[in-house]
Amino acid sequence: MWYKRSEQTNRNAAWYSMLGIVNILGSLLSYGLGHIQSDLLHSYQIIFLFCGLLTVVTSVFVFIFMPDSPMEAKFLNDHEKLVAVERLRMNQMGVASRVWKWDHVFEAFRDPKTWLWFSMLTAVSIPSGGITTFGPLIIQGFGFSKFQTILFNMPFGAVQIIATLGGAWLATRFKKKGPVLVLLCIPPIIGIIILMVVGRGPSHRGVLLFGYYMTSFYPGISPLIYSWSGQNTGGDTKRKVTTSILFVGASAGNIIGPHLFKPSEKPRYSRGLKANLALFIAIVVMVLLAMVWIKILNRKHAATRESMGKAANVVDLSMENSKEVDPEEAEAVGAIGDKAFDDVTDLKNEDFIYVY
């Protein structure tokens, strides 16, 4: 509702990359808070209360100062609100309608894209839940002390930031999500294989840390899936329902993940690593299936436009940089975009162009 599709990926990744800051500063924060002596609270309770209260305080400022849509932004005048909405016409995604539409709900559940992204997000969230929980224990299994483990877990966050922002930049640069998602799956696959085959002797610590840090590319996958889903879903209600389904998948994956690792299996955690390896390979397969399906949908929409007397092949201006858009080209689009603000779903809007 705020950005062109060409702008959404980098904004989403910038927000998501803050998880890397959590891994860097959060490790030290937890270590410090964990040393507070208290007769009333356990160490973990102090950590949870501190982070929870910080979240509540932040949410007050978000509620007061962050508007839900451009039309509700107090810092924009009427003309600026009109410009903010009009620049999104070629997104073909509608705006906040505040109207619940059951046909959008049913379409979201029937749409194969929804379940492809749900499966991808669940698949990546399972390793996320497992590695987030057992990552420090995996490092400790290399033969490091508890404090060394905290320090060596910090570069994990740095690599996470690089992978998240770098993946978003590549996806924006080449206007494609699928190939970048496949690329981001390769380092974790290599890293897991290293952790599975390399011994746990003191001489292997450097190689093992390298393998562990290679797995830290996986956090760059989730924001691209969210962006990919958001950019390929039209209709306000359908978009909300689809996003909710994805959050269910992410939550389920984070619940399942830690159960694949057992302290009794240290230091190799073979079962968890094998499961994670299979999941990353499955993500690659699902990404390729999604790309094929999206191409089929684009061909269907092109055929529908042609049958209605519109241009079959249309440049997706929402994926172009404003400086790259030719005014004559934009004018030639003609009737394309006349349903942009009608709050129709992507499958029912022949002008909708899917991004793969």
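Source: prediction; values computed, not measured.

Trainee: Explanation requested: the overall build of the protein chain in the structure shown.
Mentor: On a plain count of helices and strands, the protein chain comes out with 13 helices and zero strands. Helices and strands in the protein chain line up, N terminus first, as α-α-α-α-α-α-α-α-α-α-α-α-α. Relative to the globule expectation of 21 Å for 356 residues, the C-alpha radius of gyration of the protein chain, 23 Å, shows essentially globular dimensions. Along the first, second and third principal axes, the C-alpha atoms of the protein chain reach 70 × 45 × 40 Å. Relative to its 356 residues, the protein chain shows a buried fraction of 47%.

Trainee: Before we go on, may I ask you to explain the nonpolar core in this structure?
Mentor: One broad rule of soluble globular proteins: the nonpolar side chains tend to lie buried together. Counting residues in each nonpolar core, the largest one holds 54 residues, and the members touching the most others are Met120, Phe142, Ile221, Trp228 and Phe280. Where this core is concerned, the elements lending two or more residues are helix H6 (112–140), helix H7 (146–174), helix H8 (178–197), helix H9 (205–215), helix H10 (221–231), helix H11 (236–256) and helix H12 (270–307). In terms of residue count, the dominant contributor to this core is H12 (twelve residues). Beyond its immediate chain neighbours, meaning those up to four positions away, phenylalanine 142 contacts Leu195, Arg200, Arg205, Leu208, Leu209 and Tyr212.

Trainee: Can you walk me through the packing of aromatic side chains in this structure?
Mentor: The description of an aromatic ring pair rests on the distance of the ring centres and on the angle between the ring planes. Counting across every chain of the model gives 15 aromatic pairs. Arranged with centres 6.4 Å apart and planes meeting at 15°, the rings of phenylalanine 61 and phenylalanine 65 form a pair that is stacked. Here the residue phenylalanine 61 and the residue phenylalanine 65 both occupy positions in helix H3 (residues 43–65), the gap between them amounting to four residues, near one helical turn. Residue phenylalanine 65 is classed as exposed on the basis of its relative accessible area, which comes to 59%. Pairing phenylalanine 352 with tyrosine 354 gives two aromatic rings, centres 4.9 Å apart and planes at 55°, and the pair type is tilted. In this structure phenylalanine 352 comes out as buried when scored by relative accessible area, which is 0%. Among the aromatic residues, those joined into a cluster by ring pairs are Phe156, Tyr212, Tyr213 and Tyr218. We note arginine 173 situated over the ring of phenylalanine 174; from NZ or CZ to the ring centre the distance is 5.4 Å.

Trainee: I tried to follow a nonpolar patch on the surface on my own but got confused; where do I start?
Mentor: On the surface, Val57, Val60, Phe61, Phe63, Ile64 and Phe65 cluster together to form a nonpolar patch covering roughly 700 Å² of accessible area. Residue valine 57 is classed as partly exposed on the basis of its relative accessible area, which comes to 48%.

Trainee: What am I meant to see in empty space enclosed by the protein here?
Mentor: Regions of empty space are outlined by a rolling probe, equal in size to a water molecule, passed over the atoms. Inspection of every chain in the model, using the stated rule, returns one cavity of 30 Å³ or more. Within this model, the largest cavity holds a volume of roughly 50 Å³. Surrounding the largest cavity, Ile131, Ile138, Ile192, Leu195, Tyr212, Thr215, Phe261, Leu273 and Asn276 form its lining. Among the secondary structure elements, those contributing two or more residues to the lining of the largest cavity are H6, H8, H9 and H12. Considered class by class, the residues forming the lining of the largest cavity number seven nonpolar, two polar and no charged.

Trainee: Would you mind showing me how to read the packing of H7 against H8 here?
Mentor: At their nearest, the axes of H7 and H8 sit 9 Å apart, and the two run at 150° to each other. Accordingly, the angle class assigned to the pair H7 and H8 is roughly antiparallel. As for the relative orientation of H7 and H8, their crossing is right-handed in sense. Residues Ala163, Gly167, Leu170 and Ala171 of H7 form the contact with H8, whose participating residues are Val180, Leu183 and Leu184.

Trainee: Even after reading the chapter, I still don't get the pattern of salt bridges, so can you show me in this structure?
Mentor: Under the definition given, this model contains 13 salt bridges. Here aspartate 236 and lysine 240 are joined by a salt bridge, their closest N and O atoms 3.0 Å apart. Linking aspartate 236 with lysine 240, this pair stays in helix H11, spanning four residues, or about one helical turn. On the basis of relative accessibility, which here comes to 42%, the residue lysine 240 falls in the partly exposed class. Members of the salt-bridge network, linked through shared partners, are Glu107, Asp111, Lys113, Lys238 and Asp346.

Trainee: I keep staring at unusual backbone geometry and nothing clicks. Help me out?
Mentor: Trans is the prevailing form of peptide bonds, just as negative phi is the prevailing case for residues other than glycine. In this structure, proline 267 follows lysine 266 across a cis peptide bond, with omega equal to 5°. Position of proline 267 among the secondary structure elements: in the loop between H11 and H12. Positive phi, normally seen in glycine, also occurs at lysine 175, with a value near 60°. Turning to its location among the elements, lysine 175 is positioned in the loop between H7 and H8.

Trainee: Teacher, can you tell me more about the environment of arginine 87 here?
Mentor: Relative to the elements of secondary structure, arginine 87 occurs in the loop between helix H4 (78–86) and helix H5 (102–110). Separated by 197 residues in the primary sequence, arginine 87 and valine 284 place their C-alpha atoms 34 Å from one another. Excluding residues within four positions of it along the chain, arginine 87 makes contact with Trp2, Tyr3, Lys4 and Glu7.

Trainee: Honestly, the environment of threonine 55 in this entry has me stumped. Any pointers?
Mentor: Its place among the elements puts threonine 55 in helix H3. At 2.9 Å, the side chain of threonine 55 and the backbone oxygen of cysteine 51 are in polar contact.

Trainee: What is the right way to look at the packing of helix H2 (residues 18–33) against H3 in this model?
Mentor: Between two packed helices, the angle of one axis relative to the other and the distance separating the axes together describe the packing. The geometry of H2 relative to H3 is characterised by a closest axis approach of 9 Å and an angle of 130° between their N-to-C directions. Here H3 runs oblique to H2, going by the angle between their axes. You can see that H2 and H3 cross each other, and the crossing is right-handed. Along its contact with H2, which presents Leu29, Ser30 and Leu33, the element H3 presents Ile46, Ile47 and Phe50.

Calculation notes
Residues numbered from 1 in each chain as written. Predicted model: local features only at pLDDT ≥ 70, side-chain atom pairs only at ≥ 80, totals over all residues. Heavy atoms only, no water. Helix = DSSP H or I, 4+ residues; strand = E, 2+ residues; numbered from the N terminus. Rg over C-alpha atoms; globule rule 2.2 N^0.38 Å. Buried < 20%, exposed > 50% of the residue type's maximum accessible area, 1.4 Å probe, protein only. Core = buried A, V, L, I, M, F, W, Y, C linked by side-chain atoms within 4.5 Å. Contact = heavy atoms within 4.5 Å. Phe/Tyr/Trp six-rings, centres within 6.5 Å; stacked < 30°, edge-to-face > 60°. Lys NZ or Arg CZ within 6 Å of the ring centre and 35° of its normal. Patch = residues over 30% accessible without salt bridge, like charges linked within 9 Å, V, L, I, M, F, W, Y side chains within 5 Å. Areas by Shrake-Rupley, 256 points an atom, 1.4 Å probe, with all protein chains shown as cover. Salt bridge = Lys/Arg side-chain N within 4 Å of Asp/Glu carboxyl O. 1 Å grid on protein atoms, 1.4 Å probe; cavity = no way out; pocket = protein on both sides within 12 Å on 5 of 7 lines; lining within 4 Å. Points joined across faces, edges and corners; volume = space filled by probe spheres on them. Nonpolar A, V, L, I, M, F, W, Y, C, P; charged D, E, K, R; others polar. Axes fitted to C-alpha atoms, helices over the stretch in contact; angles between N-to-C directions. Parallel < 35°, antiparallel > 145°, perpendicular 65-115°, else oblique. Left-handed = near helix turned anticlockwise from the far one by under 90°. Polar contact = N/O pair within 3.5 Å; in protein donor to acceptor, adjacent residues only side chain to side chain.

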